[in-house]
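# Understanding the architecture of this molecule
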Amino acid sequence: MTFDRRIKIAPSILSADFANFGQECRAIEEQGADWVHVDVMDGHFVPNLTFGPAMCKAIRPHIRGVMDVHLMIAPVDPYIQAFAEAGSDIITAHVEAGPHVHRTLQAIRGAGAKAGLALNPGTSAEAARPLLDDVDLICVMTVNPGFGGQKFIHSQIEKVRELRAMIGDRPVHIEIDGGVDPVTAPLVAAAGADVLVAGSAVFRGGSVSNSAHYGENIRAIREAAEAALR
């Protein structure tokens, strides 16, 4: 991975066809996705249960670019190595998921992946300040984690601005996860975000057999975000 602040669209496969993940991953990349976002949920830290390392390993051969794995699990540390070995390029853990988040970030980098830190809507930007030199990405949750298709929480835009100022010239991405669509994308892009996770807004109306619709959705989000930067 090389670092840049250009807008990147990372479709969440939480909204994809669960019976067809390999083809879905190929389809979204062919239609312009920059990263593939994998939402891992444990039914404990969040009220939903999704994927594990074995699924990540299974889809890895179908992903040419970045596999961005978001761990909404607690405890998180015991599973870092398995997700790294499954081919994760980025592993993001929540600051709220355990008492020793610095150790968690060290473990992610030690396993050979880029380290991401996620902040829930009720967590302030200040929680990230002591960790800015230990992360490669900060994920701002603009919905409460656990389910796709939720309404964007507008109060999080100011958090993005605060993080952008804190980060300065560090090579740290700001990722937005939750409620991203062509209406909200320009708001967070203007505030300083460069990675936009979108699930239903990408996959809605399309399928593997009609993947051109994925491309239309991806382009609509990208163009709206980039327009806010001109």
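The rules behind each value
- Residues numbered from 1 in each chain as written.
- Predicted model: local features only at pLDDT ≥ 70, side-chain atom pairs only at ≥ 80, totals over all residues.
- Heavy atoms only, no water.
- Buried < 20%, exposed > 50% of the residue type's maximum accessible area, 1.4 Å probe, protein only.
- Helix = DSSP H or I, 4+ residues; strand = E, 2+ residues; numbered from the N terminus.
- Pairing = 2+ DSSP bridges.
- Right-handed = clockwise from strand over helix to strand, strands pointing away.
- UniProt positions renumbered as here; feature names shortened; annotations may be inferred.
- Contact = heavy atoms within 4.5 Å.
- Arc of directions from axis to C-beta.
- Expected span 1.5 Å × (residues − 1).

## Concerning the pairing of strand β8 (residues 195-198)
Alternating positions in β8 separate into two faces, V195 and V197 on one and L196 and A198 on the other, with burial throughout. With 4 bridges joining them, strand β1 (residues 8-11) and β8 adopt parallel strand pairing. Paired with P11 across the two strands is A198, which belongs to β8. Inspection of the sheet shows strand β7 (residues 173-177) paired to β8 by 3 bridges, in the parallel sense. Within β8, the residue paired with I176 across the bridge is L196. Taken together, β7, helix α6 (residues 185-191) and β8 constitute a β-α-β crossover, and its handedness is right-handed.

## Digging into the UniProt feature "binding site: a divalent metal cation" (unreviewed entry) in the protein
Per the UniProt record, "binding site: a divalent metal cation" (unreviewed entry) is found at H37, D39, H70 and D177. Across 141 residues in sequence, these annotated residues keep their C-alpha atoms within 10.0 Å of one another, forming a single compact spot. Along the chain, H70 turns up in strand β3 (residues 66-72). On the basis of relative accessible area, H70 is assigned to the buried category, the value being 0%. Beyond its immediate sequence surroundings of up to four residues, H70 is in contact with H37, V38, D39, V40, T92, H94, A118, C139, M141 and D177. For D177, a relative accessible area of 8% corresponds to the buried category. Once residues lying within four places of it in the same chain are set aside, the contact partners of D177 are H37, D39, H70, C139, V140, M141, T142, V143 and V197.

## Digging into the pairing of β7
Of all 5 residues making up β7, 5 are buried, and the element is well covered by its neighbours. Side chains H173, E175 and D177 of β7 all project onto a buried face; the interleaved residues I174 and I176 project onto the opposite face, where all are buried too. As paired strands, strand β6 (residues 137-141) and β7 are joined by 5 bridges and run parallel to one another. Bridging across to β7, V140 finds its partner in I176. Running through helix α5 (residues 156-167), the crossover from β6 to the neighbouring parallel element β7 is right-handed.

## Considering helix α4 (residues 101-110)
Of the positions making up α4, those classed as buried are V101, T104, L105 and I108. One face of α4 carries all of its buried residues, which in axial projection span an arc of 95 degrees. Residues R103 and G110 are exposed on α4 and point more than 90 degrees away from its buried face. At the exit of α4 stands G112, carrying a positive phi of roughly 100 degrees.

## Considerations on helix α8 (residues 212-227)
Side chains of residues three or four places apart in an α-helix project in the same direction, reflecting 3.6 residues per turn. For α8, spanning 16 residues, the distance from its first C-alpha to its last is 22 Å, which sits close to the expected 22 Å at 1.5 Å a residue. Listed in full, the buried residues belonging to α8 are Y214, G215, N217, I218, I221, R222, A224 and A225. Those residues of α8 that are buried are in contact with β1, α1 (21-30), α6, β8 and α7 (200-203).

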